[in-house]
Amino acid sequence: MTRFSDHVLAGEPVTADEWRENLLEFHRKYPAATSNAFGGLFDANGRTSYEILADSALRGGRQPARILDVGCGDGTLLAILRRRVPSAELYGIDLCEEDVIAARARLSVGTDCLVVADAARMPFPDASFDLVVSHLALMLIPDVAPVIAEIRRVIAPGGRLVFVTDDPAAVSGDLLEAFRTVYKTLVADHPHLGRVIMADSRVYDSAATDTLLASLGFPAFPEHAGHEIASSVDAEALYQFVGATYFVGMLEDELLERVRSGMSMLCQDGPLRIALPIRLTTVDC
Ligand SMILES: C[S@@+](CC[C@H](N)C(=O)[O-])C[C@H]1O[C@@H](n2cnc3c(N)ncnc32)[C@H](O)[C@@H]1O
């Protein structure tokens, strides 16, 4: 348990620092949690969310020379981009040292290129990348404006920014039922259970994203697209998926066991189909 989980269970306000502490603890406890959870969900064309992002990043036959991944985690997206553009120089930034070490090993790239740092203060020169990507990271930052401003600073004229976030308001069907089950399991003993999402709400609203990007010097009219990635899951896979969320994963063992039982009950008649809506934003500078 972290202070973040404690406060959410008690319905108390949480600070951005507590959220960050929770995020880092989560990634230490569950290495490769995101790539494990999202590497097994596919759209109707058999693409993961990493591949959907890569397709948009390279659309139009782009062959970027220098690519930056913001919140690069264990380097899964950079590895996909390297397969498609072997000549590209790869850079990544992430708060979590353990993940960055894993990314360096996976990509055989050094400490100058894959750095442990806050994306709100990037150690890269102005206009140094012709592609900036970010997969499931920008919605984890309570105030995303300084990060977007840094992206604008480091992206070169003519460069492209592509990012993917989740879309919690659009979750439906069996996945929504799974999250409702988690809520009911916890609220029985924690009746004041509070808000979990720490995102900057602007990333979940296309018009607000456009306004933010424009205010920080990006051209007008970014492109927004919704996609759905899905999989059929048994009880254990469903438990692993809900456990790969930053709040559930950091609960104490006894509560996690109760969540596991809830997922087993949901799957008692067989596997469920979980479908996760994601949002893809693409903007050329
Ligand atoms: C859900 S994980 C996604 C990791 C990777 N992009 C992937 O999809 O496999 C979010 C990542 O964003 C990183 N992150 C969150 N806030 C950050 C910040 N302010 N600066 C740099 N990285 C950050 C986290 O440490 C974490 O590794």
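Here the structure is a predicted model, which is why all the values come from computation and not from measurement. (Residues numbered from 1 in each chain as written. Predicted model: local features only at pLDDT ≥ 70, side-chain atom pairs only at ≥ 80, totals over all residues.)

### Some thoughts on the environment of Asp 130
Heads up, the rule is: Under the scheme used here, helices are H or I runs from DSSP no shorter than 4 residues and strands are E runs no shorter than 2 residues, and both carry numbers assigned from the N terminus. Note on burial: count the other C-beta atoms lying within 10 Å of the residue's C-beta; 20 or more is buried, 12 or fewer is exposed, in between is partly exposed, and C-beta positions come from the backbone. A pair of residues counts as a contact when their C-beta atoms, built from backbone coordinates, are within 7 Å of each other.
In this structure, Asp 130 sits in strand β4 (residues 129-135). Residue classification places Asp 130 among the buried residues on the basis of 20 C-beta atoms within 10 Å. When the C-alpha positions of Asp 130 and Ala 54 are compared, they lie 14 Å apart, and in sequence the two are 76 residues distant. Ignoring anything within four residues of it in the chain, the contact list for Asp 130 reads Pro 64, Ala 65, Arg 66, Ala 156, Gly 158 and Gly 159.

### Looking at the sheet that holds strand β1 (residues 66-70)
Strands pair in a sheet through their backbones, by hydrogen bonds, and they do so in one of two ways: parallel or antiparallel. Keep this limit in mind: Strand pairing is defined by DSSP finding a minimum of two bridges between the two strands. Lines are fitted to the C-alpha atoms to define the axes, a helix being fitted only along its stretch in contact, and any angle between axes, read from their N-to-C directions, falls within 0 to 180 degrees.
Read from one edge to the other, the open sheet built from 7 strands follows the order β3-β2-β1-β4-β5-β7-β6, with strand pairing classed as mixed. Each of the sheet's edge strands pairs with one partner strand only, and the pair in question is β3 (114-116) and β6 (223-233). Neighbour-to-neighbour, the strand axes of this sheet turn through a mean angle of 15°, independent of strand direction.

### Concerning helix α11 (residues 253-266)
Where we set the bar: The span expected for a helix works out to 1.5 Å for each residue beyond the first. Here, the arc refers to the directions that run from the helix axis to the C-beta atoms.
Here α11 contains 14 residues, and its C-alpha end-to-end distance of 20 Å stays within 8% of the 20 Å for a straight helix at 1.5 Å per residue. Every buried residue of α11 is listed here: Val 259, Gly 262 and Met 263. Down the axis of α11, the sector holding all buried residues measures 100°, keeping them to one side. Residues Asp 253, Glu 254, Glu 257 and Met 265 are exposed on α11 and point more than 90 degrees away from its buried face.

### With respect to the site of the ligand
Put simply, the test is: The criterion for a residue being near a molecule or strand is a backbone-placed C-beta atom within 6 Å of that molecule or strand. Three classes are used: nonpolar for Ala, Val, Leu, Ile, Met, Phe, Trp, Tyr, Cys and Pro, charged for Asp, Glu, Lys and Arg, and polar for all others, with Gly counted as polar.
The immediate surroundings of the ligand are formed by 22 residues, with Gly 71, Gly 73, Cys 96, Ala 119 and Ala 137 found nearest. Secondary-structure elements contributing two or more residues to the shell around the ligand are α2 (16-29), α3 (33-38), α5 (76-84) and β2 (89-94). A per-class count over the shell around the ligand returns 12 nonpolar, 7 polar and 3 charged.

### Topic: the packing of helix α1 (residues 3-10) against α2
In plain terms, the rule: Angle categories: roughly parallel below 35 degrees, roughly antiparallel above 145, roughly perpendicular from 65 to 115, and oblique for all the rest.
Packing of α1 against α2 leaves a shortest axis separation of 7 Å and a crossing angle of 120°. If you check the angle between α1 and α2, you find them oblique. Touching Arg 3, Phe 4, Ser 5 and His 7 of α1 are Glu 18, Trp 19, Glu 21 and Asn 22, all from α2.

Function-wise, these values are silent; they only describe arrangement.
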